Amino acid sequence: MCKGLAALPATCLKSAKDMKHRLGFLLQKSDSCDYSSSQGKKEKISASLRVSQEEVRKWADSLENLIHHNRGLAAFRAFLKSEYSEENIEFWVSCEDYKKTKSPAKLSPKARKIYDEFISVQATKEVNLDSCTREKTSHNMLEPTLSCFDEAQKKIFTLMEKDSYRRFLKSPYYLDLVSPPGAGCGPENCKGSHTHTLDCNSNVISQCA
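Now for a look at the structure at hand. Values in this document were obtained by computation on a predicted structure and should not be read as measured data. (Residues numbered from 1 in each chain as written. Predicted model: local features only at pLDDT ≥ 70, side-chain atom pairs only at ≥ 80, totals over all residues. Heavy atoms only, no water.)

**What about the overall build of the protein?**
Formally: Under the DSSP-based scheme used, a helix requires at least four consecutive residues in state H or I and a strand at least two consecutive residues in state E, with every element numbered from the N terminus. Type-normalised accessible area, obtained with a 1.4 Å probe on protein chains alone, sets the label of each residue: buried when under 20%, exposed when over 50%, and partly exposed for intermediate values. A contact between two residues is defined here by any heavy atoms of the two lying within 4.5 Å. Areas reported here follow the Shrake-Rupley algorithm with a probe of radius 1.4 Å; residue values treat only the protein chains shown as occluding.
Tallying secondary structure elements over the protein gives 10 helices and zero strands in all. In the protein, the succession of α and β elements from N to C terminus is α-α-α-α-α-α-α-α-α-α. Relative to its full complement of 209 residues, the protein shows a buried share of 28%. The long-range fraction of contacts in the protein, counting pairs at least 24 apart against all pairs at least 6 apart in sequence, stands at 59%. Total accessible area computed for the protein in this model is approximately 14,000 Å², and 55% of it derives from carbon and sulfur atoms.

**Description of the nonpolar core**
The criterion, for reference: Remark: nonpolar core denotes a set of buried residues (Ala, Val, Leu, Ile, Met, Phe, Trp, Tyr, Cys) joined through side-chain atoms within 4.5 Å.
I67, F76, F91, F149 and Y174 are the most contacted members of the largest nonpolar core, which totals 37 residues. Ranked by the residues each element gives to this core, the list is headed by helix α6 (residues 104-119), at six residues. Apart from the residues lying within four places of it in its own chain, the contact partners of F76 are L63, L66, I67, I89, M160, S164, Y165 and F168.

**Things to note about the pattern of salt bridges**
To be explicit about the condition: One side-chain nitrogen of Lys or Arg within 4 Å of one carboxyl oxygen of Asp or Glu is enough to make a salt bridge.
Applying the stated criterion to the full structure yields 11 salt bridges. Here E83 ties to R167 by a salt bridge, and the two come within 2.5 Å at their closest N and O atoms. One end of the pair, E83, is in the loop between α4 (70-82) and α5 (87-98); the other, R167, is in helix α9 (residues 164-169), with 84 residues separating them in the sequence. Since its relative accessible area comes to 29%, E83 is described here as partly exposed. Its relative accessible area of 33% is what places R167 among the partly exposed residues.

Here it is, written out as C-alpha cells:
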C-alpha cells in the first residue's frame, strides 16, 4: 500500500490531477447551466408582463381602456393603494365579477358579501356613495339581481374617472410605463395626444431632467 503522495508513481499523481481538473470543469459548467436556465425563466416572465407603448398610450384615452386591460388595472390598483383609496377599484371589480354569476342560488350570498364589504354603514371598505344611491342599493338587496349594483358601480366609476384617474396619468405609475427609463427625450418620444403623459420637463422622468 502507498504510505503517502510521495510514494505514488508520477503517472498516478498526474492521473489524479487530471481527474480533479475535469471534476472542477464539470462543476463550473453545471453552475453555469443552472444560472443560464434561471436567467432564461426570468426573461420569459418579464417578457410576458410587457405591454406595447401603443397599448399604454390608449390607457390615457379613457378610464375604461385602462381598467379593461389586466396590466392597466394592476397599475391603477397599485396607484390607488398608494393613496389609500383602493376600495373604489375593488368595488368596481367585485361588481364586474358579480355580473358574471351564472347560478341564481349564488346571487344572494355574493350580493350580501359585496354590500357588507363596500356599502353598508359598517362596511370595512366603504365607498363614497350619495344617500339616494345607497338607499336604492340597500333596497335591491331584498331581491338581488345581476343589475342590483349597476347604479352604485356607475357612480364609483364616474368618481374615479373625474378624480383619481386624472392623478394616475400624472403619476410615476403611468409615466414610467409610457416613457420607460432610457427612452430619451427625442421628438419621437415626446409626442402624444395627452402631453402631460410625455412631458420631458417632468421631474418624474429622470433622464429628461
